[in-house]
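For reference, the chains in residue letters:
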Amino acid sequence: MSADPQSVLSVGATLGEGPVWVARDAALWFVDIKGHRIHRYDPALDVGRSWAAPCQVGWILPTDDGLFAVGLQTGVHRFDPAQGSFALLHAPETHLPGNRQNDACVAPDGALWFGSMDDAEEADSGYFYRFHKGVCVESGLPAVSITNGPALSPDGRTLYHTDTLGKRIWRTDLNDDGSVGNTSLFTKIEADAGYPDGPTVDAEGCLWTGLFGGWAVRRYDPAGKLMREVRFPVANITKIAFGGEGLATAYATTARKGLDVTALTKQPLAGDLFAFDPGVAGLPGHTATV
């Protein structure tokens with residue numbers, strides 16, 4: 001695997017997002033939010049497969065019953081790939097019809113953390129939620145227009161969450177019961193570097209973020225210091241996930257959203273799934289208990 005990102009699956013995603021390595025499948029799952037698609041990439045066979053979603057789908061994560069939880073615009077659903085079916089588990093924002101879900105992760109205790117956002121990308125109506133064993137609570141973190149993440153530190157005690165339009169990544173302490181504690185600024189993305197998108201934490205506790213419009217992903221140490229930048233041949237990198245043998249391959253989703261005909265001509269690989277050697281392993285994934 002090269003240290004330079006290479007396209008491994010051409011799907012032309014309008015808004016590729018939410019990559020997650022699912023060990024039980026030995027496969028990488030991700031979504032195309034605007035394309036209403038769920039994708040799976042099997043690196044051993046170098047093949048992909050996709051399923052239609054009934055509306056915008058922000059994320060997909062494995063559950064401990066062998067199926068998946070997905071964040072549809074209408075709420076959290078259980079997804080059965082064998083049937084291609086969706087069953088509603090919880091609808092947290094029926095009072096906010098202009099919102100949709102955008103990103104998520106699973107904590108070591110099986111709790112599902114996810115965020116919402118204003119689909120028009122204007123109002124500060126995006127919230128973070130914790131969903132565990134049938135109970136969904138709003139986190140109490142301040143509302144922003146576009147949430148991204150969250151992601152968790154290796155010990156599960158620090159929650160990283162992103163205010164994309166504000167170009168800030170925040171760090172919040174988690175209490176034993178999953179409630180949030182003190183919040184502090186982790187890092188701010190400088191002007192002309194793109195917008196921080198989905199965050200991911202590696203096995204050394206360092207945080208990686210995609211940069212939408214920034215042509216790169218970045219790695220920050222636990223103190224928020226920039227350590228590395230990996231450049232891409234496309235502008236909109238949304239998120240990475242670690243997968244493959246030893247979780248030593250980084251997979252990155254990308255997007256065609258916002259690119260005009262001229263830009264797409266110069267970026268023919270926009271919307272593809274990429275892979276590269278990050279030089280560090282990822283953390284083993286968890287399954288959600290919803």
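Overview of the structure. (Residues numbered from 1 in each chain as written. Predicted model: local features only at pLDDT ≥ 70, side-chain atom pairs only at ≥ 80, totals over all residues. Heavy atoms only, no water.)

## Digging into the overall build of the protein chain
Right, on to step 1. A count of helical and extended segments in the protein chain gives one helix and 24 strands.
Right, on to step 2. Taking 19 Å as the expected radius of gyration for a compact globule of 290 residues, we find that the protein chain reaches 17 Å, a close match to that expectation.
Right, on to step 3. When the backbone C-alpha atoms are referred to their principal axes, the protein chain occupies close to 45 × 45 × 40 Å.
Right, on to step 4. With 290 residues in all, the protein chain has 56% of them scored as buried.
Right, on to step 5. Partitioning the intrachain contacts of the protein chain with sequence separation of at least 6 by distance along the chain shows that 46% fall at a separation of at least 24.
Right, on to step 6. Accessible surface computed for the protein chain: about 11500 Å², of which carbon and sulfur atoms make up 50%.
Right, on to step 7. Put simply, the protein chain has 23 plus and 34 minus side-chain charges, and the middle of one group is 2 Å from the middle of the other. (Helix = DSSP H or I, 4+ residues; strand = E, 2+ residues; numbered from the N terminus. Rg over C-alpha atoms; globule rule 2.2 N^0.38 Å. Buried < 20%, exposed > 50% of the residue type's maximum accessible area, 1.4 Å probe, protein only. Contact = heavy atoms within 4.5 Å. Areas by Shrake-Rupley, 256 points an atom, 1.4 Å probe, with all protein chains shown as cover. Lys, Arg positive; Asp, Glu negative; His and termini not counted. Charge placed at Lys NZ, Arg CZ, Asp CG, Glu CD.)

## Looking at the pattern of salt bridges
Right, on to step 1. Scanning the model with the defined rule gives 12 salt bridges in all.
Right, on to step 2. Of the charged contacts, one joins aspartate 103 and lysine 239 as a salt bridge, the two residues approaching to 2.9 Å between their closest N and O atoms. Taken together, the positions of aspartate 103 in strand β10 (residues 99-106) and lysine 239 in strand β22 (residues 237-243) put the pair 136 residues apart, joining distant regions of the chain.
Right, on to step 3. The closest approach of N and O atoms between glutamate 229 and arginine 218, which form a salt bridge, is 2.7 Å. Of this pair, glutamate 229 sits in strand β21 (residues 226-231) while arginine 218 sits in strand β20 (residues 216-220), and the two are 11 residues apart along the sequence.
Right, on to step 4. Overall, arginine 218 belongs to the buried group, its relative accessible area being 5%.
Right, on to step 5. Residues joined by salt bridges that share partners form a network here, namely Glu190, Arg218, Glu229 and Arg231. (Salt bridge = Lys/Arg side-chain N within 4 Å of Asp/Glu carboxyl O.)

## Some points on the sheet that holds strand β2 (residues 16-22)
Right, on to step 1. Pairing is antiparallel across the open sheet formed by four strands, whose spatial order is β2-β3-β4-β5. Edge strands, defined here as strands with exactly one partner in the open sheet, are β2 and β5 (47-52). Going from strand to strand, the sheet's axes swing by 20 degrees on average, the running direction of each strand aside.
Right, on to step 2. Where strand β4 (residues 37-42) meets β5, six bridges bridge the pair, whose relative direction is antiparallel. (Pairing = 2+ DSSP bridges. Axes fitted to C-alpha atoms, helices over the stretch in contact; angles between N-to-C directions.)

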